[in-house]
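Architecture at a glance
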Amino acid sequence: MPTTSERPHFAAWLADTARDPEIGFEVEELSAEARGWYASVFDSHGEVPPPYLVGFLLERRVSVATTALDLLRMAAERDLGYPLALEVWTEPQASDETWVGVHGDRVRALGVQEAMATVASAVQDLVAGAHRAVWPTCAVHRLGLHPVLADGRAVWHCRTRGHQLPMP
Ligand SMILES: [Zn+2]
């Protein structure tokens, strides 16, 4: 029994969706998590047309951004010792689309790991801008860490010696 993502109808729907001017993405560039999300939408609702899918996308982006922000804000507040004024925002556009973001960064991710990488950068920007602090730092090298995606997982990258540390 083939999995959903191998079925021809799913592949055709995903390709049509990818070509939609408002949704537009490259099928080959979808992460496993994002592809899994599209497969679950297809399983539950069938060939959802773009105007309806926009609502599903908004709900999903708010969900992954909220999950990512909850984890990262908790870690940052614990390390820094003060509260951070951060929340997930949404902003309707002239098109049917609504943008989702945290601080100055728009979250387009459909997977939690990709959202973690974007939201981590947003948390860092706020900490740097509003608090003149660097978060997080490498305990060994004392320098700021940078969010990256490594094999689909969001991690902190230390440019000294190029090693990586887990995110919360
Ligand atoms: Zn280091």
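Everything below is about the structure printed above this text.
If you're wondering where the values come from, they're calculated on a predicted model, not measured in any experiment.

What counts and how
- Position numbers for residues start from 1 in each chain and track the written sequence from start to end.
- The predicted origin of the model limits local features to residues at a pLDDT of at least 70 and limits the giving and counting of side-chain atom pairs to 80 or more, whereas totals for whole chains, interfaces and linings rest on all residues.
- Think of it this way: DSSP has to see at least two bridges between two strands before they count as a pair.
- By definition, any uninterrupted DSSP run of H or I lasting at least four residues is a helix, any uninterrupted run of E lasting at least two residues is a strand, and each is numbered from the N terminus.
- Once C-beta atoms are placed from the backbone, any two residues with those atoms within 7 Å are in contact.
- Every angle, taken between N-to-C directions, lies between 0 and 180 degrees, and every axis is a line fitted to C-alpha atoms, over only the stretch in contact when it is a helix.
- Residues of type Ala, Val, Leu, Ile, Met, Phe, Trp, Tyr and Cys that are buried and joined through C-beta atoms within 7 Å form what is called a nonpolar core.
- Exposed residues have 12 or fewer other C-beta atoms within 10 Å of their own C-beta, buried residues have 20 or more, and residues in between are partly exposed; the C-beta atoms are placed from the backbone.
- Here the expected span of a helix is defined as 1.5 Å times the quantity of residues minus one.
- Directions from the helix axis toward the C-beta atoms define the arc.

If you trace the three strands from one edge of the open sheet to the other, you get E1-E2-E3, paired in antiparallel fashion. Each end of this open sheet is capped by a strand with a single partner; those strands are strand E1 (88–92) and strand E3 (105–106). One ladder, built from two bridges, connects strand E2 (residues 98–102) with E3; its direction is antiparallel. Bridging across to E3, Gly101 finds its partner in Arg106. This element, helix H3 (residues 50–80), spans E1 and E2 of the sheet and lies at about 5 degrees to E2.

What follows deals with the environment of Arg35. Its location among the elements puts Arg35 in helix H2 (residues 32–45). Each C-alpha atom, one on Arg35 and one on Gly111, is 8.9 Å from the other, the two residues being 76 residues apart in sequence.

This part is about the pairing of strand E6 (residues 163–166). Across four bridges, the pairing between strand E5 (residues 153–158) and E6 is antiparallel. Each bridged residue has a counterpart across the sheet, and for Cys158 the counterpart in E6 is His163. Linkage of E5 to E6, two consecutive antiparallel strands, is achieved through a turn of four residues, within which Arg161 is found at a positive phi near 65 degrees.

The next subject is the nonpolar core. Ranked by internal contacts, the top residues of the largest apolar core, which has 31 residues, are Ala65, Met116 and Val119. Only helix H1 (8–19), H2, H3, E2, helix H4 (112–131) and E5 provide two or more residues apiece to this core. Looking at which element gives the most residues to this core, the answer is H4, with nine residues. Those residues in contact with Met116, other than ones at most four positions away along the chain, are Ala68, Leu72, Ala154 and Met167.

Before going further, it helps to examine H1. The end-to-end C-alpha distance of H1 is 17 Å, a good match for the 16 Å that 12 residues give at a rise of 1.5 Å each. Of all the positions in H1, only Phe10, Leu14 and Thr17 are classed as buried. All buried residues of H1 fall inside an arc of 65 degrees around its axis, so they share one side. Opposite the buried face of H1, at more than 90 degrees from it, the exposed residues are Pro8, His9, Ala12, Ala15 and Arg19. Buried residues along H1 sit in contact with H2 and H3.

Right, let's get into H2. An α-helical segment advances 3.6 residues per turn. Residues three or four places apart therefore align on the same side. The first and last C-alpha atoms of H2 sit 20 Å apart over 14 residues, in line with the 20 Å expected at 1.5 Å per residue. Every buried residue of H2 is accounted for by Trp37, Tyr38, Val41 and Phe42. Projection of H2 onto a plane perpendicular to its axis shows the buried side chains occupying an angular sector of 135 degrees, all on one side. Exposed side of H2, more than 90 degrees from the buried face: Ala32, Asp43 and Ser44 are the residues found there. Elements in contact with the buried residues of H2: H1 and H3. A positive phi of about 75 degrees marks Gly46, the residue just after H2.

The quantities given are spatial measurements derived from coordinates; they are silent on function.
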